[in-house]
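Observations on the three-dimensional arrangement
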Amino acid sequence: QVQLVESGGGLVQAGGSLRLSCAASGRTFDARAMGWFRQAPGKEREFVAAVTWSGGTTYYADSVKGRFTISRDNAKNTVFLQMNSLKPEDTAVYYCAARGSGIPSSNPHEIDYWGQGTQVTVSS
């Protein structure tokens, strides 16, 4: 099993920045591809960003491209999401996600492990 714990959420004004962190523990070698999803009230969970095991390849949803940056520190079993130029529509619960496969996926049904989520609220 892999446990994922997110931190760094909060309330920020539009245009501001937040940095989310996700610490993995347990069978961390089963968390090869990691990423972030988000879910706003009344909406389905959607893909935000993902990174391969090496950190060499990253993927982003069109809605966050150019504003968010995903990275990872394998020595610390941690993945980060730097969010800049935040917009009110970015408001959601953000979930850390991990796959045993080294290939990231934007499909939430293909995720093996989930964190408990952290709330991000962007005020206008």
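Looking at the packing of aromatic side chains
- The tally for this structure, following the rule as stated, stands at three aromatic pairs.
- Taken together, a centroid distance of 6.3 Å and an interplanar angle of 85° make the contact between Y95 and W114 edge-to-face. Here the residue Y95 occupies a position in strand β9 (residues 92–99), and W114 occupies one in strand β10 (residues 113–114), the gap between them amounting to 19 residues.
- Among the aromatic residues, those joined into a ring-pair cluster are F37, F47, Y95 and W114.
- Seen from the ring of Y95, R45 lies directly overhead, with NZ or CZ sitting 3.7 Å from the centre.
- One Lys or Arg, R45, reaches over the ring of W114 and ends 4.5 Å from the middle of that ring.

Observations regarding the state of the cysteines
- For the coordinates displayed, the defined rule picks out one disulfide.
- Note on cysteine connectivity: C22 is disulfide-linked to C96, with sulfurs 2.0 Å apart. Its S-S torsion of approximately -85° makes the covalent link between C22 and C96 left-handed. Of this pair, C22 sits in strand β3 (residues 18–26) while C96 sits in strand β9, and the two are 74 residues apart along the sequence. For the pair shown, C22 and C96 are each scored as buried.

Criteria and thresholds
- Residues numbered from 1 in each chain as written.
- Predicted model: local features only at pLDDT ≥ 70, side-chain atom pairs only at ≥ 80, totals over all residues.
- Heavy atoms only, no water.
- Phe/Tyr/Trp six-rings, centres within 6.5 Å; stacked < 30°, edge-to-face > 60°.
- Helix = DSSP H or I, 4+ residues; strand = E, 2+ residues; numbered from the N terminus.
- Lys NZ or Arg CZ within 6 Å of the ring centre and 35° of its normal.
- Disulfide = S-S within 2.5 Å.
- Buried < 20%, exposed > 50% of the residue type's maximum accessible area, 1.4 Å probe, protein only.

Functional significance is not addressed by these values, which are geometric in nature.
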